[in-house]
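Each chain, letter by letter, is given below.
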There are 2 protein chains.
Amino acid sequence: MAATISVFERSPDGGRGLARDMGVRWALEEVGEPYTVRALSFADLKGEAHLARHPFGQIPTFEEAGLTLFESGAIVLHIAERHAGLLPAEADARMRAIAWMFSALSTIEPAIVEHSMALLFERDRPWHAERLPLLEDRVHARLAPLSRRLGGAEWLEGGFTAGDLMMVTVLRRLGRSGLLDAYPNLSAYVARGEARPAFVRAYAAQRALFTTASSY
Amino acid sequence: MAATISVFERSPDGGRGLARDMGVRWALEEVGEPYTVRALSFADLKGEAHLARHPFGQIPTFEEAGLTLFESGAIVLHIAERHAGLLPAEADARMRAIAWMFSALSTIEPAIVEHSMALLFERDRPWHAERLPLLEDRVHARLAPLSRRLGGAEWLEGGFTAGDLMMVTVLRRLGRSGLLDAYPNLSAYVARGEARPAFVRAYAAQRALFTTASSY
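A short tour of the structure in this document, coming up. Residue indices begin from 1 for each chain and proceed along its sequence in written order. Here the convention is simple: chains get letters from A, ligands get numbers from 1, in the order in which they are written. In keeping with the predicted nature of the model, local features appear solely for residues at pLDDT of at least 70, side-chain atom pairs appear and are counted solely at 80 or more, and the whole-chain, interface and lining totals rest on all residues.

Quick word on the overall build of chain A
So the rule is basically this: Counting from the N terminus, the helices are DSSP H or I runs at least four residues long and the strands are E runs at least two residues long. Remark: C-beta atoms are placed from the backbone, and a residue is labelled buried if 20 or more other C-beta atoms sit within 10 Å of its own, exposed if 12 or fewer do, or partly exposed between those counts. Working definition of a contact: two residues with C-beta atoms, positioned from the backbone, lying within 7 Å.
Assigned secondary structure in chain A consists of nine helices and four strands. The secondary structure elements of chain A, listed N-terminal to C-terminal, are β-α-β-α-α-β-β-α-α-α-α-α-α. Counting the 216 residues in chain A, one finds 43% classified as buried. Sequence-distant contacts, at least 24 apart, represent 72% of the contacts inside chain A between residues at least 6 apart.

Some thoughts on the pairing of strand β2 (residues 35–40) of chain B
All names here are of chain B. Basically, it comes down to this: Strands are labelled as partners when DSSP assigns at least two bridges between them. A crossover gets the label right-handed when its path from the first strand over the helix to the second runs clockwise, viewed with the strands pointing away from the viewer.
Judged from the six bridges that link them, strand β1 (residues 3–8) and β2 form a sheet pairing that is parallel. Looking at the pairing, I5 lines up with V37 of β2. Running through helix α1 (residues 21–31), the crossover from β1 to the neighbouring parallel element β2 is right-handed.

Overview of the interface of chain B and chain A
Where interface size is quoted, it is often the accessible area lost as the parts come together. Note the following rule: Residue polarity follows a fixed list, in which Ala, Val, Leu, Ile, Met, Phe, Trp, Tyr, Cys and Pro are nonpolar, Asp, Glu, Lys and Arg are charged, and the others, Gly among them, are polar.
Counting residues at the interface gives 32 residues for chain B and 31 residues for chain A. For the side of chain B that touches chain A, the secondary-structure elements that each account for two or more residues are β4 (67–70), α4 (72–82), α5 (91–121) and α6 (128–150) of chain B. For the side of chain B that touches chain A, the element with the highest residue contribution is α5 of chain B, accounting for 14 residues. For the side of chain B that touches chain A, the class distribution of residues is 18 nonpolar, seven polar and seven charged.

Side note on the sheet that holds strand β3 (residues 61–64) of chain A
All names here are of chain A. Counted only if it meets this: The convention used is that axes are lines fitted to C-alpha atoms, helices contributing only their stretch in contact, and that angles between N-to-C directions extend from 0 to 180 degrees.
Taken together, four strands build an open sheet; the order of strands is β2-β1-β3-β4 and the sheet is mixed. Only two strands of the sheet have a single neighbouring strand rather than two, namely β2 (35–40) and β4 (67–70). Strand-to-strand twist in this sheet, taken as the mean axis angle between neighbours without regard to direction, amounts to 20°. In terms of strand pairing, strand β1 (residues 3–8) meets β3 through two bridges, oriented antiparallel. The residue of β3 that forms the bridge with T4 is E63.

A short note on the sheet that holds β2 of chain B
Residues and elements named next belong to chain B. Here four strands make up an open sheet; going across it, the order is β2-β1-β3-β4 and the pairing mixed. Bordering the open sheet on either side are β2 and β4, each of which pairs with just one other strand. Across the sheet, the mean angle separating the axes of adjacent strands is 20° when strand polarity is ignored. Lying on the sheet, α1 is in contact with β1, β2 and β3 (61–64); it crosses β1 at an angle near 150°.

With respect to the relation of the copies chain B and chain A
Filter applied, for reference: When the copies are superposed, the least-squares fit takes in the C-alpha atoms of residues with a pLDDT of at least 70 in both.
Expressed as a screw operation, the relation of chain B to chain A combines 0.0 Å of axial shift with a rotation of 180°, fitting to an RMSD of 0.0 Å. In short, the pair behaves as if placed about a two-fold rotation axis. Here 97% of the interface residues in chain B have copies in chain A that are interface residues too; the copies meet face to matching face.

Written out as structure tokens, the structure is:
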């Protein structure tokens, strides 16, 4: 039975794959698990049916057999545990890959989201110009050590893992900010992730939905 | 062989158990795993020895046999996977508990940290007074649905899990802000967590370190 994931009906990012379903789609493509999509309007997100799936009224959710999950990190971990290809078999290496998933979502992403939210919602506030360098510093305080740790390696822990999948997904949220430009190895790391056939398929799938929707 | 965790030598919170080692200590106490502590100065955190353990130069880290881990979420998950008591045995219930761990760290905590960082570091900025209600709104946008989901239940998914451990740990970071007061069921939930014997032991252990240190 195919899994169902919930996604935005209309894309706030214009189909650039920055919404939180992207990592889940990518993981499903990496392991070759088919899935169907439930596209939700912003009104649907706050409706009782969706709140039963996701207490915070967000996307993505994941449903398969009797299981309903929210939180993209948990969904990607679930997919990675059920299929080969996203987590090392050896126990310690597996935990290190999972640590990078938590790192992406709880150490790296908050600074990136705080920066992008300020650009979206505080641009017209009187403090924006003075506060922006402070937010950029917080992003660099995450990117610089990450760049140092990655060094010249291809992925964070040997072969590609769910940790890299989550980290690349999070770094892509920097979008056109230019903040990644100071770290050529991180830019190349993101590009390596985006070049994976599974990423390309996932990106095309999310984009196709919005291309169709925008022609309504 | 006992695990070693790294913690702050001096407590920025004065021993109120708000640093990120608290969840790890609590998990170790819940499962009855003994551990030793490596207390680090702020200079130690940025030294090469610690950066090898933790790329971002933070606490906590966890070392046991050949494994070194960072990220409190990953460490708590590792402990929960190796010992009974923090994750349900049934596969779907186990994943739902893990989803709450991700939710605590990646949906709830960022809003709380953004709010508390503004109180710590932007209090003297000209924008602080005008911006504070905006940050409080973001915290309430997380707490209100969490309160609704918890309802009258004791814990988030049946019995106490690592998801509750992480969620209570994160909610405690609201500290004396008063933001939790609007949600009596969440306040009671946090109090239930703090009343667990394992929490009490973990709290006393982190506090003892600082009481000793402050008498140097």
